[in-house]
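Chain by chain, the residues run as shown.
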Amino acid sequence: MVNKIAAGEVVERPASVVKELLENSLDAGATRIDVSIEQGGLELVRVVDNGGGISPDELPLAVASHATSKLVDADDLFRVRTLGFRGEALASIAEVSRFLVRSRTAEAQAGAELEVVAGKPSPVAPCGSPPGTTIEVRNLFFNTPVRRKFLRATQTEMGHVSEIVTRLALAHPRVHFTLRHNNRQLHDLPPTEQLLDRIGVFFGRELAAELIWLESRDGEVRLSGYVGHPNQNRPNNRMQYLFLNGRSIRDRALGHALGEAYRGLILTGRFPVSFLSFEMPPELVDVNVHPTKLEVRFQDGGRLYSQLLGTLRTKFLKTDLTHKLDPAGAAGSLSDPADPAAAHDAERAAQLRSELVDWAKGQVGAWRSDPATEAPAAPIAARQTEFGLSRPAPGQRPLELSPLVARAAAPSAIDAAPSAAPVVAQAAKTSTGALQIHNRYLVAESEEGVVVIDQHALHERILYEHFRAKTLAGAVESQSLLVPEPVDLSGPEAAVVLEHQELLARLGLKVEPFGGDTILISSYPAMMSASSPAELLRSLVEILLAGGRAPERRDLLDELLHMMSCKAAIKAGDRLAPEEIDALLEQRHLAHDAHHCPHGRPTALVFTREELDRQFKRI
Ligand code: ADP
Ligand code: MG
């Protein structure tokens, strides 16, 4: 069995050496591990630990292949508690480097060392050594030039080394780690009881501060750790850390469960951040399926999937996920500046913020100054708003009067009404005290400060929740058409509709074949009365067809619900009457997740009072 694993699979690059050495040190119970690297690990990898050490007579065994001191019989392979288990790593590394191990057990008076060059060991010699083990690996791949040629630039190799150290340091917060490269210290991580401290060191306090703690137990399996707030999403899944019994692993299915839990909370194509750890008895998992044990096979993967998804969903329902903007511009600093979507979000947030501040300043100006002196500027600003031109070009600060003030000022130019009066009047009429701005955002006072709500996104979310609940209960209100409407489709379109006839009926859309590729709609969901039945059917067909092509799409019904809620919701640009604003805001509390529309855009931004105070230099 051991023979199946070739040396090359274990030692691929300097980072693989670091991984094997660190795992051995952790197995040996080290509480402090110092890693020194030279030239990305090509010159030198040195790992010094204060663990149990190796006795002189065991040193030759440690570097001989197929000699694992811990391995008693083959059954043990399935009950591996420690990180190493094949007794192959040191031998493989020593095969392709100038290798030195120096070690001393706690009881021994002195240490012993052993050198191996390209697989040839020299005799064990006594030496001075503190308790623990030091391993030096020099000139990696010096005797396998082809392998050496495949290595990347020093910085790239060092990046991989760093990543390995990061993973293991996150998995073992109680162990003191240091990392040096070319004699420069990169990390000094004192032991801590708090995983969060480690996360803060590697990824910044700001990120750590917003993480959400999770914990659950299912039988003998314990899940714990942190996941990111939806607004901490990333363009790739590199910040998804997953640990199993202290080992860093990768698992497609669990990654998928994570994505599924954030569905609707973050935009498609973006990835949540996570630092999650599973603890379970070793016999529930086979770690012997991958040469470096990166991938594992769970006895009951489906149950873990459900546990992860269930824990996340329960947590999110209980958590306030409203976006917060902090004065330092955290929205920008948290996201990857090279990423256009994040940059856009940050820009949008910054723009909203400056509009709001400008608006507030404008209000003060309007109250203080004589309306007549404001009049000349007003019509221009008003016209700009009307034609949607008030949005500043990218990078340009909004120069004109704030839109709200402009809107207020416009009637004053035309009707000679007092400046700002209509806005104030409207605000007074809504019982929630909210204002609509730009015909798309609602601004309301909250306990914390000011909330800016995207009217479309919020309405969409509310309809989605409502519609989903009705659908699951089989109680969607359907409205019969007086004259059933025939819709001509293509062959495959008609086929997919008939195939999903029942699903569509659950959504309130009753259809039947009408000869050829024509489908007859006899009734449609009452909620969708604003859109034409034929148009609705065509949009549904699009999703059904796409769903058929991608079988991993788990939730076809969910996609259909998203699309329908989006269509039925009020749009950005719809002028709302004060009663409508009130109705919308009152329903806000009905939605399970009123903070995000089903596409994952935030539905609301909060400007805390503290931030406003800061912006106005009150604090
Ligand atoms: P494995 O870890 O799979 O057993 P390795 O080749 O990585 O195989 O290590 C061989 C053996 O050498 C280990 O089983 C362990 O007994 C000993 N060993 C290696 N590194 C250390 C260390 N840092 N401290 C104590 N013992 C070690
Ligand atoms: Mg090992």
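Turning our attention to helix α2 (residues 14-27). With 14 residues, α2 should cover 20 Å at 1.5 Å per step; its first-to-last C-alpha distance of 20 Å lies within 8% of that length. Where burial is concerned, most of α2 is hidden: 12 out of the 14 residues are buried. Regarding α2, the residues found buried are Pro 14, Ala 15, Ser 16, Val 17, Val 18, Lys 19, Glu 20, Leu 21, Leu 22, Glu 23, Ser 25 and Leu 26. Just past α2, the residue Gly 29 takes up positive phi, approximately 75°.

This part is about the environment of Val 541. On the secondary structure map, Val 541 appears in helix α20 (residues 533-549). Spatially, the C-alpha atom of Val 541 lies 7.2 Å from that of Val 496, the residues being 45 residues apart in sequence. Ignoring any residue separated from it by four or fewer positions in sequence, one finds Val 541 in contact with Leu 489, Glu 493, Val 496 and Val 497.

This next bit is on the packing of helix α17 (residues 455-472) against helix α21 (residues 556-568). At a minimum axis distance of 8 Å, the contact between α17 and α21 shows a crossing angle of 135°. Taken together, α17 and α21 sit at an angle that is classed as oblique. Handedness of the crossing formed by α17 with α21: right-handed. Every residue of α21 that contacts α17 at His 456, His 459, Glu 460, Leu 463, Tyr 464, Phe 467, Arg 468, Thr 471 and Leu 472 is listed here: Leu 557, Asp 558, Leu 561, His 562, Met 564, Ser 565, Cys 566 and Ala 568. Across the contact of α17 with α21, the residue classes break down as nine nonpolar, five polar and three charged.

Our focus in this paragraph is the confidence of the model for the chain. Detailed reading of the predicted coordinates is not advisable wherever pLDDT is low. Per-residue confidence for the chain gives a mean pLDDT of 77; residues scoring 70 or more make up 74%. Low pLDDT (under 50) marks residues 356-428, which in the prediction has 70 contacts with non-local residues, meaning those over four places away or in another chain.

The next subject is the nonpolar core. By size, the foremost hydrophobic cluster in this structure holds 55 residues, and its most contacted members are Leu 22, Phe 99 and Phe 275. For this core, the leading source of residues is helix α6 (residues 154-171), giving eight residues. Residue contacts for Leu 22: discarding those within four places in its chain leaves Ile 33, Val 35, Val 47, Ile 164, Val 165, Leu 168 and Phe 177. Counting residues in hydrophobic clusters, the runner-up holds 31 residues, among them Val 487, Leu 507, Tyr 524 and Leu 560.

Moving on: the pattern of salt bridges. Applying the stated criterion across every chain yields a total of 18 salt bridges. Put simply, Glu 136 and Arg 46 hold a salt bridge, and the shortest N to O gap is 2.9 Å. Pair noted here: Glu 136 is in strand β7 (residues 132-138) and Arg 46 is in strand β2 (residues 44-49), with a separation of 90 residues, a long-range link. Look at Glu 136 and you get buried, because its relative accessible area is 11%. For Glu 193, the salt bridge goes to Arg 174, with nearest N and O atoms at 3.1 Å. Here the residue Glu 193 occupies a position in the loop between β9 (184-189) and α7 (195-203), and Arg 174 occupies one in the loop between α6 and β8 (176-181), the gap between them amounting to 19 residues. Summarising the burial analysis for this pair, Glu 193 and Arg 174 share the class exposed. Each member of the salt-bridge network shares a partner with another, and the members are Glu 260, Arg 263, Asp 558 and Glu 559.

This brings us to the packing of aromatic side chains. With the rule as written, the count across this model stands at seven aromatic pairs. Between Phe 202 and Phe 203 the ring centres are 6.1 Å apart and the planes differ by 50°, which places this aromatic pair in the tilted class. The class of Phe 202 is buried, set by a relative accessible area of 16%. Geometrically, the ring pair formed by Phe 203 and Phe 275 is tilted, given 5.5 Å between the ring centres and 45° between the ring planes.

For the rest of this paragraph, the subject is the sheet that holds strand β14 (residues 274-279). The sheet built from five strands is open, its strands ordered β10-β11-β14-β12-β13 with mixed pairing. Edge positions in the open sheet fall to β10 (212-218) and β13 (247-248), since each of these has one partner strand only. Contacts between α6 and the sheet are confined to β12 (240-244), β13 and β14, with β12 contributing the most and set at about 55° to the helix. Packed on one face of the sheet, helix α10 (residues 301-318) meets β10, β11 (221-227) and β14 and runs near 135° to β10.

The next point concerns the sheet that holds strand β21 (residues 478-488). An order of β21-β23-β22 is seen for the three strands of this open sheet, with the pairing classed as antiparallel. Sheet topology places β21 and β22 (510-513) at the edges, where each strand pairs with a single neighbour. Within the sheet, the average angular offset between the axes of one strand and its neighbour, ignoring direction, is 20°. Where β21 lies against strand β23 (residues 518-525), seven bridges are found, and the strand directions are antiparallel. Bridging from a neighbouring strand, Asp 488 pairs with Thr 518 of β23.

This part covers the packing of α2 against α6. Between two packed helices, the angle of one axis relative to the other and the distance separating the axes together describe the packing. Direction vectors running N to C along α2 and α6 enclose 25°, while the axes themselves pass 8 Å from each other. Taken together, α2 and α6 sit at an angle that is classed as roughly parallel. As for how α2 packs across α6, the hand of that crossing is right-handed. In this structure, α2 uses Pro 14, Ala 15, Val 18, Lys 19, Leu 22, Glu 23 and Leu 26 to contact α6, whose residues at the interface are Glu 157, His 160, Val 161, Ile 164, Val 165 and Leu 168. Each residue belonging to the contact of α2 with α6 can be placed in one class, and the counts come to nine nonpolar, one polar and three charged.

This paragraph deals with the environment of Arg 98. Looking at where Arg 98 falls in the secondary structure, it is placed in strand β3 (residues 98-104). Considering only alpha carbons, one finds Arg 98 and Val 117, 19 residues apart in sequence, at a separation of 4.5 Å. For Arg 98, the residues in contact, after removing those within four places along its chain, are Val 116, Val 117, Glu 136, Val 137, Arg 138, Asn 139 and Phe 142. Separated by 2.9 Å, the side chains of Arg 98 and Asn 139 make a polar contact.

Conventions and cut-offs
Residues numbered from 1 in each chain as written. Chains lettered and ligands numbered in written order. Predicted model: local features only at pLDDT ≥ 70, side-chain atom pairs only at ≥ 80, totals over all residues. Heavy atoms only, no water. Helix = DSSP H or I, 4+ residues; strand = E, 2+ residues; numbered from the N terminus. Expected span 1.5 Å × (residues − 1). Buried < 20%, exposed > 50% of the residue type's maximum accessible area, 1.4 Å probe, protein only. Contact = heavy atoms within 4.5 Å. Axes fitted to C-alpha atoms, helices over the stretch in contact; angles between N-to-C directions. Parallel < 35°, antiparallel > 145°, perpendicular 65-115°, else oblique. Left-handed = near helix turned anticlockwise from the far one by under 90°. Nonpolar A, V, L, I, M, F, W, Y, C, P; charged D, E, K, R; others polar. pLDDT = per-residue confidence, 0-100. Core = buried A, V, L, I, M, F, W, Y, C linked by side-chain atoms within 4.5 Å. Salt bridge = Lys/Arg side-chain N within 4 Å of Asp/Glu carboxyl O. Phe/Tyr/Trp six-rings, centres within 6.5 Å; stacked < 30°, edge-to-face > 60°. Pairing = 2+ DSSP bridges. Polar contact = N/O pair within 3.5 Å; in protein donor to acceptor, adjacent residues only side chain to side chain.

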